[in-house]
Amino acid sequence: MRIQYLGTGAAEGIPAAFCNCSFCRKARSEGEVRTRAQILLDGELSIDFPPDAFFHAVKFGADLSAIRYLLVTHAHMDHFYAHDFVLRGYKYARDMTAPSLTVYGNAETHEVFRESTVREMKEDVEAGIRFVEVSPFEEISFGDWRVWTLRARHSSRDPLLFLIERGGKRVLHLCDTGALTQESEAYLAELGGPPYKLVTLDCTFLYGKTEPSSRHMGLDENARTLEKLARIGLVNGRTKKVITHFSHNASPSRELLSQAEREYGVIAAYDGMQLEI
Ligand SMILES: [Zn+2]
Ligand SMILES: [Zn+2]
Ligand SMILES: [Zn+2]
């Protein structure tokens, strides 16, 4: 499975659009950019579709028309910019790689999809996009992919996390969430299965302190989460542990991220990073 981290920033991106803090000023002058969250699996499955998807196509040559399946974690603007979908077809897009797209998201994400596209959606375009509502703790399958949804600890309605499987390889997506909820942990334990090849972890706070009720994680919570998963045999020494969703407030400089990699045994994602598992 080929995994590409197209966007690795938090909602406001780096440098943050309206920010003049010292970290953002330095990032702006040095061209150190982190766009909003999007991960592409085997070129055809995307997790989230941010306002920067257009830029991901420009910068990394991602073929957005090849995305057949889109899993949306939640309706926050940095994870789901639905306006762009009015351009998926008609005179706006020719020779698309995949003629149709299925979007899997919760009811709130579906509302945002309707609100964002109601004014400009052409019938031809609408015919190529199907929205399937999913809730936490469901199993879904499409093509040769299997996906289980979990509930995130996050500030939106029914926020989702995903366990994804293809060809017997499993990857766990834990982004835009605080500590794993007990019900999500129990659900994963119940599912069992082979140890995960890769876990993606929300690391918005990096070295900053978090509370048990926090809606994002930092390195210490990442470590606790990995320990819990290791105890139930789902993570081991061969599992790649990738941290992402970095915020300017945590000053995620290259030096600090290298330190985090050494101290916590994780891989710090950057925009465009590709991994093969
Ligand atoms: Zn986010
Ligand atoms: Zn800033
Ligand atoms: Zn969010």
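In short, a report on the structure. (Residues numbered from 1 in each chain as written. Chains lettered and ligands numbered in written order. Predicted model: local features only at pLDDT ≥ 70, side-chain atom pairs only at ≥ 80, totals over all residues. Heavy atoms only, no water.)

Next up on the list: the coordination of the zinc ion (ligand 3). Every protein donor of the zinc ion (ligand 3) is accounted for by H74 (NE2), H76 (ND1), H154 (NE2) and D176 (OD), and the metal-donor separations fall at 2.1 to 2.3 Å. Around the zinc ion (ligand 3) sit four donor atoms, and with donor-metal-donor angles ranging over 89 to 171° the site reads as irregular. Read in sequence order, the donor residues coordinating the zinc ion (ligand 3) give the pattern H-x1-H-x77-H-x21-D. Distance-wise, the zinc ion (ligand 1) is placed 3.7 Å from the zinc ion (ligand 3), both being coordinated by D176. Linking H74 in the loop between β4 (69–71) and β5 (101–105) with D176 in the loop between β10 (169–174) and α5 (182–191), this pair joins segments that are 102 residues apart in sequence. Taken individually, H74 and D176 each receive the classification buried, so the pair is uniform in this respect. (Donors = N, O, S within 2.8 Å, 3.2 Å for Na, K, Ca; no water. Tetrahedral: all angles 85-135°; square planar, octahedral: opposite > 155°, others 65-115°. Helix = DSSP H or I, 4+ residues; strand = E, 2+ residues; numbered from the N terminus. Buried < 20%, exposed > 50% of the residue type's maximum accessible area, 1.4 Å probe, protein only.)

The protein atoms that coordinate the zinc ion (ligand 2) are C19 (SG), C21 (SG), C24 (SG) and H248 (ND1), at distances spanning 2.0 to 2.3 Å. Here the zinc ion (ligand 2) is ringed by four donor atoms whose angles at the metal span 102 to 119°, and the overall shape comes out tetrahedral. Mapped onto the sequence, the residues coordinating the zinc ion (ligand 2) show the spacing C-x1-C-x2-C-x223-H. Note that C21 is positioned in the loop between β1 (2–7) and α1 (22–30) and H248 in the loop between β12 (240–244) and α7 (254–264), a separation of 227 residues in sequence. For C21, a relative accessible area of 27% translates into the label partly exposed.

The next thing to look at is the pairing of strand β9 (residues 160–166). Most of β9 sits inside the fold, with seven of its seven residues counted as buried. Side chains of β9 alternate between two faces, with L160, F162, I164 and R166 and L161, L163 and E165 buried alike. The sheet contact formed by β9 and β10 spans five bridges and is antiparallel. Note that in β10 the partner of R166 across the bridge is K169. Two successive antiparallel strands, β9 and β10, enclose a turn made up of two residues, where G167 displays a positive phi of approximately 55°. (Pairing = 2+ DSSP bridges.)

As summarised here, the arrangement of the seven strands in space is β6-β5-β4-β3-β2-β1-β14, forming an open sheet in which the pairing is mixed. At either end of the open sheet lies a strand with only one pairing partner, and these are β6 (129–133) and β14 (273–276). Sheet twist, expressed as the mean angle between neighbouring strand axes with direction ignored, is 20°. Against the sheet, helix α2 (residues 53–60) contacts β1 and β2 (38–41), and its axis sits at roughly 115° relative to β1. Packing of helix α3 (residues 107–117) onto the sheet brings it into contact with β5 and β6, and relative to β6 it is tilted by some 150°. (Axes fitted to C-alpha atoms, helices over the stretch in contact; angles between N-to-C directions. Contact = heavy atoms within 4.5 Å.)

With that settled, consider the pattern of salt bridges. Applying the stated criterion to the full structure yields 15 salt bridges. With its nearest N and O atoms 3.7 Å apart, the salt bridge here joins R68 to E44. With R68 in the loop between α2 and β4 and E44 in the loop between β2 and β3 (45–47), the pair connects residues that are 24 residues apart, well separated along the chain. The class for E44 is buried, based on a relative accessible area of 14%. Notably, a salt bridge pairs E165 with R146, separated by 3.6 Å at the nearest N-O pair. (Salt bridge = Lys/Arg side-chain N within 4 Å of Asp/Glu carboxyl O.)

Here the focus is the packing of aromatic side chains. The geometry of an aromatic ring pair comes down to the distance between the two centres and the angle between the two planes. A full pass over the atoms with the stated rule returns nine aromatic pairs. With centroids separated by 6.2 Å and ring planes inclined at 35°, the aromatic side chains of F80 and F85 adopt a geometry described as tilted. No difference in accessibility class separates F80 from F85, as the two residues are buried. Relative to Y264, the ring of Y207 lies with its centre 6.2 Å away and its plane at 70°, an arrangement referred to as edge-to-face. One end of the pair, Y207, is in the loop between β11 (198–202) and α6 (219–231); the other, Y264, is in helix α7, with 57 residues separating them in the sequence. For Y264, a relative accessible area of 27% gives the class partly exposed. An aromatic cluster is defined as three or more aromatic residues linked by ring pairs; in this entry it consists of F49, F80, F85, F113 and F131. (Phe/Tyr/Trp six-rings, centres within 6.5 Å; stacked < 30°, edge-to-face > 60°.)

Function cannot be inferred from these measures alone, as they are strictly geometric.
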